[in-house]
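# Inside the fold
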Amino acid sequence: MLLGEILAVALGALRANKLRSCLTMLGIVIGVGAVIAMIAIGTGAQTQIQARIAALGTTLLTVNAGQQRGFGGVASATDRAPLTLDDADALRDSSRFVAAVQPEMERRLSFQFGNKNTQSSIIGTTANYLTVRKVKLAAGRMFTELEDAGKRRVAVIGPSVVENLEIAAPELILGQNVRIRGIQFEVIGILESKGQSSPFGNPDDLVLIPLETARFRTHGGRGLRSISVLAPSEELIPQTTAEIQRILRRTHKLRPGRPDNFRIQNQSEFLVAAADNQKTFTALLAGIAGVSLIVGGIGIMNIMLVSVTERTREIGVRKALGATRGMILLQFLIEAVVLCILGGIIGILAGGGGAIALSTKMGLPTEISLSSIVLAFAFSAGVGVLFGVWPARRAASLDPIQALRYE
C-alpha cells in the first residue's frame, strides 16, 4: 500500500464520520485559539507598558519614599520616611548634575462641573511638569511659576476627566469654573491622551493644579508622593543618581552605615520590572490555555481508541489483503495528526480573530506574534502525534485472524 493510498484511506475514514471528526477537533480549536488570544493580550500589554515608560525619557529618575528599618529589619507604617518639599528644594538648589526637579503630591478628590461629579487623581505639581514628564497639551495652556507662587486656583485636566463628566467636546470646559473638594478652580488647559487604561490605572484620569495651591487649599502639608528628576544626559545618570543619594541622605540626617529610607529608580529599571512581570503573566495565561490543548489531545486519543474498536474487522481485512503493521500504524497516526492540524489552523484563525475583536470592541491592547502562531501550530501537531501513537499501535498490533472474527 503506497503512502498516497494510505493517506486517501485515512482521509476517507475522517470524511465518513464528519460530525465525530468535527467534535474531536473542537478541543484543539479551543486550545489553540485560547493560546493565540492570551499571548496576544499579554504581548500587547507588555508593548504598551514599555512604550509608556520609554515615552517618559531615558534620563528621567524617580525618587519615592522608602521606609526606616527598625530592630529586626521590620518597618511599620509609622516608620515610613516621607519625601517633603525640603527634599525637592535641596535637590534643586544643591545639585550640579540635575537638569530639572519636579515634585508632586497626589490625592483622589471630588471634581465637580455644573451638576456633574466625578472622582479624579488631583496632582499638585510645578509648572515644569509637561517638560519633565514629556506630556503635551491638546488645548489651552499650562499654569506658570508665578501662578504657582501666587497659589492661583487654576487647573489642567486630563481627557478622561472630560469623558467622565460626559462633556461633548473638551473645548466646552476650557475657561470654565469647576470645583475641586468644593473649592472653585478655573480650567486653563487640557492634556493630550497618553493612551489606554492599564492594570496600573488610567494615565488620563488626572487633574494638575499648582503645588502651592495644593499645599494650602486641597492637600495640605509638605509631604510628596514622588520627586521626578531629569539628568542632563544618559551618560551622567550614574553621577546624578549618586548626587541625589548624597543630598537626600544629608536632608534626612542619615548617619554613615544606615540604609537609605528612599528609593531612586530610572526608566530602565521600570522597563525591566514591567517586562519581567508581563512575561510571567503571559506565560501563566499561555499555560492555562495550554491545558485545554492537553484536554483536546486526550479527547482525540479517546475517539481514536473507539474508532479502532469499531473498525477492528476492517483492520483484519486490510491485514489479510497484505497491509503491514507499519501501514496500519501510519494510517491511524495520519488520522490523528490531520485532525490536530486542521483544528490548529481553525484555532489560529479563531484566536487571531478573537484578539482583533478584543482590540477593536473592548479597547484591549493586543499584538499577534508569528512566534505564538508557530508555537501553537507545532504544539497542535505534536499533540496529534503524541496522543495518536497509542491508538495507532493498538490498531497495528491486532491479530488479523481475531480481527476477522470480530463482530
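No experiment lies behind these values; they were computed from the predicted model shown. (Residues numbered from 1 in each chain as written. Predicted model: local features only at pLDDT ≥ 70, side-chain atom pairs only at ≥ 80, totals over all residues. Heavy atoms only, no water.)

## A look at the overall build of the protein chain
- From N to C terminus, the protein chain includes 13 helices and 13 strands.
- Buried positions account for 45% of the 407 residues belonging to the protein chain.
- Element-wise, carbon and sulfur atoms account for 60% of the exposed surface of the protein chain, whose accessible area totals about 20,400 Å². (Helix = DSSP H or I, 4+ residues; strand = E, 2+ residues; numbered from the N terminus. Buried < 20%, exposed > 50% of the residue type's maximum accessible area, 1.4 Å probe, protein only. Areas by Shrake-Rupley, 256 points an atom, 1.4 Å probe, with all protein chains shown as cover.)

## Let's talk about the pattern of salt bridges
- Applying the stated criterion to the full structure yields 9 salt bridges.
- We note a salt bridge from E147 to R141, for which the minimum N-O separation is 2.8 Å.
- For R141, a relative accessible area of 36% corresponds to the partly exposed category.
- Residues joined by salt bridges that share partners form a network here, namely E104, E106, R133 and R225. (Salt bridge = Lys/Arg side-chain N within 4 Å of Asp/Glu carboxyl O.)

## Side note on the confidence of the model for the protein chain
- When pLDDT is averaged along the protein chain, the result is 79, and 78% of the positions lie at 70 or above.
- Note that pLDDT drops below 50 for residues 69–78; the model gives that stretch 6 contacts with residues more than four away or on any other chain. (pLDDT = per-residue confidence, 0-100. Contact = heavy atoms within 4.5 Å.)

## A word on the pairing of strand 5 (residues 116–125)
- Across the 10 residues of strand 5, 7 count as buried, placing the element largely inside the fold.
- Here 10 bridges tie strand 4 (residues 100–113) to strand 5, and the two strands are oriented antiparallel to one another. Pairing of F113 across the sheet is with K116, part of strand 5.
- Counted along the chain from strand 4 to the antiparallel partner strand 5, the turn is 2 residues long, and its residue G114 has a positive phi close to 65°. (Pairing = 2+ DSSP bridges.)

## Points about unusual backbone geometry
- Even without a glycine there, the phi angle at E166 is positive, about 60°.
- Along the chain, E166 falls in the loop between helix 6 (159–164) and strand 8 (177–180).
- Judged by relative accessible area, which is 62%, E166 ranks as exposed.
- A positive phi is found at K253, a non-glycine position, where the angle reads about 55°.
- Note that K253 resides in the loop between helix 8 (237–251) and strand 13 (262–266).
- For K253, a relative accessible area of 72% gives the class exposed.

## Quick look at the packing of helix 3 (residues 85–94) against helix 8
- Remark: helix 3 packs on helix 8, axes separated minimally by 10 Å, with the N-to-C direction vectors making an angle of 130°. Between helix 3 and helix 8, the angle falls in the class oblique. Helix 3 and helix 8 meet at a crossing whose hand is right-handed. Facing D87, A90, L91 and S94 of helix 3, the residues of helix 8 in contact are E243, I244, R246, I247, L248, R250 and T251.
- By residue class, the composition of the contact of helix 3 with helix 8 is 5 nonpolar, 2 polar and 4 charged. (Axes fitted to C-alpha atoms, helices over the stretch in contact; angles between N-to-C directions. Parallel < 35°, antiparallel > 145°, perpendicular 65-115°, else oblique. Left-handed = near helix turned anticlockwise from the far one by under 90°. Nonpolar A, V, L, I, M, F, W, Y, C, P; charged D, E, K, R; others polar.)

## Describing a nonpolar patch on the surface
- Side chains of L19, L23, L26 and I30 sit close together on the surface and give an oily, nonpolar patch of about 420 Å² of accessible area.
- The topology assignment puts L23 in helix 2 (residues 18–55). (Patch = residues over 30% accessible without salt bridge, like charges linked within 9 Å, V, L, I, M, F, W, Y side chains within 5 Å.)

## Description of the environment of A8
- Mapped onto the elements of the fold, A8 is located in helix 1 (residues 3–16).
- In this structure A8 comes out as partly exposed when scored by relative accessible area, which is 46%.
- For the pair formed by A8 and Q331, sequence separation is 323 residues and the distance between their alpha carbons is 9.1 Å.

## Quick notes on the packing of aromatic side chains
- In the structure shown here, the tally under the stated rule is 0 aromatic pairs.
- Over the aromatic face of F216 sits the side chain of K151, whose NZ or CZ is 5.0 Å from the ring centroid. (Phe/Tyr/Trp six-rings, centres within 6.5 Å; stacked < 30°, edge-to-face > 60°. Lys NZ or Arg CZ within 6 Å of the ring centre and 35° of its normal.)

## Focus: helix 8
- With 15 residues, helix 8 should cover 21 Å at 1.5 Å per step; its first-to-last C-alpha distance of 21 Å lies within 8% of that length.
- Here helix 8 has its buried residues at I237, T240, E243, I244, I247, L248 and R249.
- Of the residues one or two after helix 8, K253 is the one with positive phi, at around 55°. (Expected span 1.5 Å × (residues − 1).)

## A closer look at the nonpolar core
- Core analysis: the biggest nonpolar cluster contains 41 residues, and V63, I180, V207 and I227 have the highest contact counts within it.
- If you look at the next biggest cluster of nonpolar residues, it comprises 18 residues, including I36, I300, A323 and I328. (Core = buried A, V, L, I, M, F, W, Y, C linked by side-chain atoms within 4.5 Å.)

## As for the pairing of strand 9 (residues 183–191)
- Bridge count for strand 6 (residues 137–140) against strand 9 is 3 bridges, and the pairing is antiparallel. The partner of G140 across the bridge, within strand 9, is G189.
- Inspection of the sheet shows strand 7 (residues 154–157) paired to strand 9 by 4 bridges, in the parallel sense. Bridging from a neighbouring strand, I157 pairs with I190 of strand 9.
- Note that strand 8 and strand 9 share 4 bridges and pair antiparallel.

## Here's the deal with the environment of L230
- Topologically, L230 is positioned in strand 12 (residues 226–230).
- For L230, a relative accessible area of 13% gives the class buried.
- Spatially, the C-alpha atoms of L230 and F97 are 8.9 Å apart, while their sequence positions differ by 133 residues.
- Not counting the four nearest positions on each side in its chain, L230 is found in contact with T59, L60, F97, V98, A99, A100 and V132.

## Observations concerning the environment of G223
- In this fold, G223 is placed in strand 11 (residues 223–224).
- Residue classification places G223 among the partly exposed positions, given a relative accessible area of 39%.
- Sequence separation between G223 and M105 is 118 residues; the distance between their C-alpha atoms is 7.0 Å.
- When neighbours within four sequence positions are excluded, G223 is seen to be in contact with L83, T84 and M105.

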